[in-house]
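# Observations on chain architecture
Here are the chains, one letter per residue:
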Amino acid sequence: MTDQTPSAPARPEARSPRGFQDRRARDLAAERAILTAVAAVYERYGFEALDTGAFEYADALGKFLPDADRPNEGVFALQDDDEQWMALRYDLTAPLARFAAQNWETLPKPFRRYAFGPVWRNEKPGPGRFREFTQCDADTVGSARPEADAEIIAMAVEGLTAAGLPQGSAAIKINNRKLLNGLLSAVGVTDEGQKLGVLRAVDKLDRLGPDGVRLLLGEGRKDESGAFTKGAGLSAKAAEAVLAYTAAGGGHDRTGTLDRIAEVIGGSAEGDAGLAELAAIDAALKSLGVAEGQALFDPSVVRGLEYYTGPVFEAELLLDTKDEKGQPVRFGSIGGGGRYDDLVARFTGQPVPATGFSFGVSRLAAALRAAGRDQ
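Just so you know, these numbers come straight off a predicted model, no measurement behind them. (Residues numbered from 1 in each chain as written. Predicted model: local features only at pLDDT ≥ 70, side-chain atom pairs only at ≥ 80, totals over all residues. Heavy atoms only, no water.)

## Focus on the nonpolar core
Where we set the bar: Think of a nonpolar core as a cluster: buried Ala, Val, Leu, Ile, Met, Phe, Trp, Tyr and Cys residues, connected wherever their side-chain atoms sit within 4.5 Å. Note on classification: 1.4 Å probe, protein chains only; a residue is buried when its accessible area is under 20% of the maximum for its type, exposed when over 50%, partly exposed between these limits. Labels follow the DSSP assignment, with helices taken as runs of H or I lasting at least four residues and strands as runs of E lasting at least two, numbered in each case from the N terminus. Contacts were defined at the residue level, with two residues in contact if any of their heavy atoms lie within 4.5 Å.
Grouped together as the largest cluster of nonpolar side chains are 72 residues, with contacts concentrated most on Tyr42 and Ile172. Counting residues per element, this core draws most heavily on helix α3 (residues 146-163), which supplies 9 residues. Beyond its immediate chain neighbours, meaning those up to four positions away, Tyr42 contacts Phe47, Tyr114, Cys136, Asp137, Ala138, Met155, Phe357 and Phe359.

What follows is the structure, encoded as structure tokens:
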């Protein structure tokens, strides 16, 4: 007789999905301590907590949808039984825009809220780059005043200190998209694709230095491997104007930085409007007690300038940090934000000004640990 005993079923391999991580007590406690401390600061400023659902209708996420058949580029999406596409939230700002548009008549004006929770991105994972992570946002919706931007910046400074960063160990760098727009208009650059090429070039300033960026502003650059990156196609004169603009910062004297920028951008109407906004932010920051070294103007910051409509902010860690092998490592940005006056208008058709700041909780916890400051 043959043995008819069925074979045992194959055992699944115990493995974490790519881009997702298991976190134990130490990591959870560190993140919980950060959120508790930061929430106390935000509430002291008068911001209310808001929690929206993990899913949003996919059309509310706009730019992350490549087509209507399967809108899953950049997001994790599924089709509900009513054939509407839903997606896990990519960030906390798009849900806020939807919530504000949906409830605008009953909300206080301006509406100031903070939120924290997991977000999901359908992107290729890598070292330190996950598909799920926790964000913490604070936003003001309904005020176009530069003082609203200054309040967000001051609150970010205080929040990062409360989270465990010693005073002076981080700085909020501030720019305004209107400045670079005004400069490019003054030198004859009007094509949106060319402007985007300029932004991408300037964003590489820390890595490539002025000489490398000069090539990317012009015809292009060939790297060490021989790969060629097409440039923005600016004339030599226009490229030098952009480089002079990015070099106008670098100091803790906000007023002096504004004076240097004014000399470079050449008095364009849009550039003058950006300067006026930064001057008003400077005055408000001084009244709020934010020191020059805690928040400074840096025209080389181009954080998402094609997305933002005015001031932009980036929080940079200044502490000495080391990797797991004890080697010095530059941690760089730990958060950022800015003014985005067009996002709520996607739903309402009416302009609704908004400004905010966001940081990755896990990234901040990792920065504190790398600096030996974890709680």
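We are not done yet, so read on.
## Description of the pairing of strand β15 (residues 354-360)
Heads up, the condition is: One requirement defines pairing of two strands: DSSP has to find at least two bridges between them.
Burial of β15 is extensive: 7 of the 7 residues sit out of reach of the surface. Here β15 shows a buried face lined by Ala354, Gly356, Ser358 and Gly360 and a second buried face lined by Thr355, Phe357 and Phe359. Pairing analysis gives 5 bridges linking strand β14 (residues 333-339) to β15, with the strands arranged antiparallel. Bridging from a neighbouring strand, Gly336 pairs with Ser358 of β15.

## Some points on empty space enclosed by the protein
Rules: Here a cavity is any set of points on a 1 Å grid over the protein atoms alone where a 1.4 Å probe fits but cannot get out, and a pocket is any open set with protein on both sides within 12 Å along at least 5 of 7 lines; a residue lines the site when it has an atom within 4 Å of a point. Grid points are joined across faces, edges and corners, and a volume is the space filled by probe spheres set on the points. In this classification, Asp, Glu, Lys and Arg are treated as charged, Ala, Val, Leu, Ile, Met, Phe, Trp, Tyr, Cys and Pro as nonpolar, and every other residue, Gly included, as polar.
Evaluated as defined, the whole model comprises 3 cavities of 30 Å³ or more. Empty space within the largest cavity amounts to approximately 90 Å³. Taken together, Val157, Leu160, Thr161, Leu165, Pro166, Gln167, Gly168, Ser169, Ala170, Ala171, Ile172 and Gln294 make up the lining of the largest cavity. Looking at the lining of the largest cavity, the elements that each hand over two or more residues are α3 and β7 (170-176). Its residues assigned to classes, the lining of the largest cavity shows 7 nonpolar, 5 polar and no charged. Space inside the second largest cavity adds up to approximately 60 Å³. In terms of lining residues, the second largest cavity is bounded by Leu50, Asp51, Thr52, Arg89, Leu92, Pro95, Leu96, Arg113, Ala115 and Phe116. For the lining of the second largest cavity, the secondary structure elements donating two or more residues are α2 (93-103) and β5 (111-120). Counting residues per element, the lining of the second largest cavity draws most heavily on β5, at 3 residues.

## Let's talk about helix α1 (residues 25-44)
Note on helix geometry: an α-helix contains 3.6 residues per turn, so any two residues three or four positions apart are oriented the same way. Rules: In this scheme, a helix's expected span is set at 1.5 Å multiplied by one less than its residue total.
With 20 residues, α1 ought to run about 28 Å at 1.5 Å a step, and its terminal C-alpha atoms sit 29 Å apart, in line with that. Looking at the packing, one finds that the buried side of α1 touches β5, β6 (132-141), α3, β15 and α11 (361-370). Following α1 by one or two positions, Gly46 adopts a phi angle in the positive range, close to 95°.

## Overview of the side chain of Asn175
Note the threshold: Side-chain atoms alone can form a polar contact between residues adjacent in sequence; in general such a contact is a pair of N or O atoms within 3.5 Å, and within protein one must be able to donate a hydrogen while the other accepts it.
Of note, Asn175 is situated in strand β7. For Asn175, the side chain forms a polar contact with the main-chain oxygen of Pro299, separated by 3.1 Å. If we ignore the near neighbours within four places in the chain, the residues touching Asn175 are Tyr245, Leu278, Asp298, Pro299, Val301, Gly310, Pro311 and Val312.

## Focus: the packing of helix α4 (residues 177-186) against helix α7 (residues 236-246)
Put simply, the test is: Lines are fitted to the C-alpha atoms to define the axes, a helix being fitted only along its stretch in contact, and any angle between axes, read from their N-to-C directions, falls within 0 to 180 degrees. The labels follow the angle: roughly parallel below 35 degrees, roughly antiparallel above 145, roughly perpendicular from 65 to 115, and oblique for the rest. Less than a right angle of anticlockwise turn of the near helix away from the far helix marks a crossing as left-handed, whereas a clockwise turn marks it as right-handed.
Between α4 and α7, whose axes approach to 10 Å, the crossing angle comes to 155°. Classed by the angle they form, the pair α4 and α7 counts as roughly antiparallel. In this structure, α4 meets α7 at a crossing whose hand is right-handed. Across from Leu179, Leu180, Leu183 and Leu184 in α4, the residues of α7 making contact are Ala241, Val242 and Tyr245.

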